[in-house]
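Chain and residue survey
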Amino acid sequence: QVQLVESGGGLVQVGGSLRLSCAASRLPLWRYAMGWFRQAPGKEREFVAVITGSGDSPYYTESVKGRFTISRDYTENTVYLQMNNLEPADTAVYYCAAVRTTGLALTRNEYDYWGQGTQVIVSS
């Protein structure tokens, strides 16, 4: 059974950093695009970042460009989201997701597997 387990969330002050991890089980990362989404209270789940199976061409939503970096470690079968210069607007539950494709996937409906989420709170 495929499992995605996120970790690394927490409480951080404005301008601080966090690194989220998404450990994948029974899912060879090199065959899957891996995405990060987030959902703030009362809002829709929104796309944050995605990386292809080959690790090429990461893509970010405009609001996180230059601050967030998505990466993957094939030996650990884990995807990361390094978040720097955090802002209160980044407060949300962050989810990782996977879809078997050689390309990118930017919408939540494209993804087949989801983790349980990890909470990020940025305090001012």
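Before going into details, it helps to say that this report is about the structure given with it. Quantities reported herein were computed from a predicted structural model and do not represent experimental measurements. (Residues numbered from 1 in each chain as written. Predicted model: local features only at pLDDT ≥ 70, side-chain atom pairs only at ≥ 80, totals over all residues. Heavy atoms only, no water.)

**Re the pairing of strand β1 (residues 3-7)**
Regular strands have side chains that alternate between both faces of the sheet. Where burial is concerned, the two faces of β1 differ: the one with Leu4 and Glu6 is buried and the one with Gln3, Val5 and Ser7 is not. The pairing of β1 with strand β3 (residues 18-25) spans five bridges and is classified as antiparallel. Opposite Leu4, over in β3, you have Ala24 as the bridge partner. (Buried < 20%, exposed > 50% of the residue type's maximum accessible area, 1.4 Å probe, protein only. Helix = DSSP H or I, 4+ residues; strand = E, 2+ residues; numbered from the N terminus. Pairing = 2+ DSSP bridges.)

**Let's talk about the environment of Val12**
Tracing the sequence through the fold places Val12 in strand β2 (residues 10-13). Using a relative accessible area of 12% as the deciding quantity, one classes Val12 as buried. Here the alpha-carbon distance between Val12 and Ser54, two residues 42 residues apart in the chain, equals 32 Å. Aside from chain neighbours lying at most four places away, what touches Val12 is Ser17, Leu18, Leu86, Ile121, Val122 and Ser123. (Contact = heavy atoms within 4.5 Å.)

**A closer look at the pattern of salt bridges**
On inspection of all chains with the given rule, the structure shows five salt bridges. With a closest N to O distance of 2.6 Å, Arg38 and Glu46 form a salt bridge. Judged by relative accessible area, which is 6%, Arg38 ranks as buried. Residue Glu62 pairs with Lys65 through a salt bridge whose shortest N-O separation is 3.1 Å. The exposure class assigned to Glu62 is exposed, which follows from its relative accessible area of 59%. Looking at Lys65, the relative accessible area reads 41%, which means it is partly exposed. The structure contains a network of salt bridges with shared partners spanning Arg38, Glu46, Arg67, Glu87 and Asp90. (Salt bridge = Lys/Arg side-chain N within 4 Å of Asp/Glu carboxyl O.)

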